[in-house]
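# Remarks on the overall topology
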Amino acid sequence: MPAKITVASVATYQKKLKFYLHFLVRNSNIMDHYYVKDITLKQLPPVFLPKYAPCLFVENGRMPSKKRAEKPKSCIIYINMCGIYFFRPSKGNKSHKNIKYKLDHFISIFLISEIRHKPDYRRTIMCENKEFYLECEHADQAVSYIVSTRHTIVGNVKDLKLFGFKRPPNIVDVKPPGVSYHGAQFLAFSAKFNGGNIGNVDTHLVSALNSYDPVHNDTLLLDSTMIAPSQYKSLIHPLMNIKGLVGFRFKNWAPYYVCRFVHFILKATSRIKHFIFEDYQTLNPKQLRFEKIHPDAPVTFVFNNCQFQENISCSLFQEISKLRGDIQRFSLIKCNLTTNSWDALFAALKTKPFSTLEIFEINGLNSNNFYDNHVIDSIREMFVHCRFVMR
């Protein structure tokens, strides 16, 4: 007796068929630019984050020898949205079945200025006035992914000059779902400043950048679950390109790194001017080096639930007072202060950066060591210098 066909079974079949067809299409698009075996990919060193920067093109090919007079060397050419990787077999391989590879050369997508079409399968790449080349059977397809990546990461392919090509390369979308423009830039800059290696990039930080939407929130949260990059430029450069970002909320993020990060942010742009520090117990205020910074716009500092030791608080107030610019708001919320750190704070308030202060806030102060007259006298002296304070 034939099976009974119901509306539910037809719907289930259609759903499965749709998924299967989608799987086939997706994998056919992936595999048509993979020209090596899966086992070869597994033998490459772990310098990638495939979830966020998947492989776009990989093929056996040839690259220049270190000595120009020597013949080209065989290699594996690997392209993702960070740039071009050239892998060579490691020394000491005893078996052809278990070959291990090392990263021999990397070209950042930001540094490619020119690509020339040469006879056969060679494509010459100009990078910082230096010439390199790749050779592989599907060289034009490789160039297509290079140009597409440049378009996705940099946003302007006019700076990339192409010579000798009969037709312009196809530009395709190389950014995977769930990866934002600034998330992709962070990975590309991380590769640039780390010789192509993004295997150690903190995925929590990548996820934070991918999910950040400056349209709905002009302040980016960086918390203690995120590991700061070893090269600060890899994070600062993409942040400079986020339109609408005006501030940071640091929630115990990288206590021994964050002051250095603030220094370079203020040095790089005047658009980002709000800094909120939460839940810190220590900092390295000397890294601020504010005497070397002259921001064009007033700056805001908020310290919330920060329990510093006296020497840290005194050093922090002293370093902030060296800023060669204006401070608009300064807040201390649920922070602890001793008599000495209180005096250091109000000594800083008499310096030039605080002369334009509009908002001064002390709320939930953790201290019982102050006399009423001490507090009143300090505030009275502050108003003499900070004439624009409204509250």
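Remember, predicted model here, so these are calculated numbers, not experimental data. (Residues numbered from 1 in each chain as written. Predicted model: local features only at pLDDT ≥ 70, side-chain atom pairs only at ≥ 80, totals over all residues. Heavy atoms only, no water.)

Counted at 1.5 Å a residue, the expected span for helix H4 (residues 181-193) with its 13 residues is 18 Å, and the 18 Å between its end C-alpha atoms agrees. Among the 13 residues in H4, ten count as buried, and that is most of the element. Of the residues making up H4, those classed as buried are His182, Gly183, Ala184, Gln185, Phe186, Leu187, Ala188, Phe189, Ser190 and Ala191. Along its buried surface, H4 packs onto strand E3 (83-89), strand E4 (101-108), helix H3 (139-153), helix H5 (203-211) and helix H6 (233-240). (Helix = DSSP H or I, 4+ residues; strand = E, 2+ residues; numbered from the N terminus. Expected span 1.5 Å × (residues − 1). Buried < 20%, exposed > 50% of the residue type's maximum accessible area, 1.4 Å probe, protein only. Contact = heavy atoms within 4.5 Å.)

What follows concerns the layout of surface pockets. The volume enclosed by the largest pocket comes to roughly 550 Å³. Pro64, Ser65, His105, Glu131 and Phe132 are, among the 24 residues lining the largest pocket, the residues nearest its centre. Contributions of two or more residues to the lining of the largest pocket are made by E4, strand E6 (122-127) and strand E7 (130-135). Sort the elements by how many residues they give to the lining of the largest pocket and E4 lands first, with five residues. Here the lining of the largest pocket is composed, by residue class, of nine nonpolar, four polar and eleven charged. (1 Å grid on protein atoms, 1.4 Å probe; cavity = no way out; pocket = protein on both sides within 12 Å on 5 of 7 lines; lining within 4 Å. Points joined across faces, edges and corners; volume = space filled by probe spheres on them. Nonpolar A, V, L, I, M, F, W, Y, C, P; charged D, E, K, R; others polar.)

A probe matching the size of a water molecule, rolled over the atoms, marks out where space remains unfilled. A full pass over the atoms with the stated rule returns one cavity of 30 Å³ or more. Of the voids in this model, the largest cavity is the one considered here, and its volume is about 50 Å³. Considering the residues around the largest cavity, the lining is formed by Phe303, Cys306, Phe308, Ser313, Leu316, Phe317, Leu332, Cys335, Asn336 and Leu337. The leading source of residues in the lining of the largest cavity is helix H8 (residues 310-320), at three residues.

On to the pattern of salt bridges. Using the criterion set out here, one finds eleven salt bridges in the structure. Linking Arg122 and Glu135 is a salt bridge whose minimum nitrogen-to-oxygen distance equals 2.6 Å. Remark: Glu135 occurs in strand E7 and Arg122 occurs in strand E6; sequence separation between them is 13 residues. On the basis of relative accessibility, which here comes to 11%, the residue Glu135 falls in the buried class. Salt-bridge contacts for Glu361 lead to Arg329; the nearest nitrogen and oxygen are separated by 3.0 Å. Taken together, the residues Glu361 in strand E14 (residues 359-363) and Arg329 in strand E13 (residues 327-333) connect sequence positions 32 residues apart. The network of salt bridges with shared partners includes Arg249, Lys251, Glu278 and Asp279. (Salt bridge = Lys/Arg side-chain N within 4 Å of Asp/Glu carboxyl O.)

These figures come from the coordinates and say nothing about function on their own.
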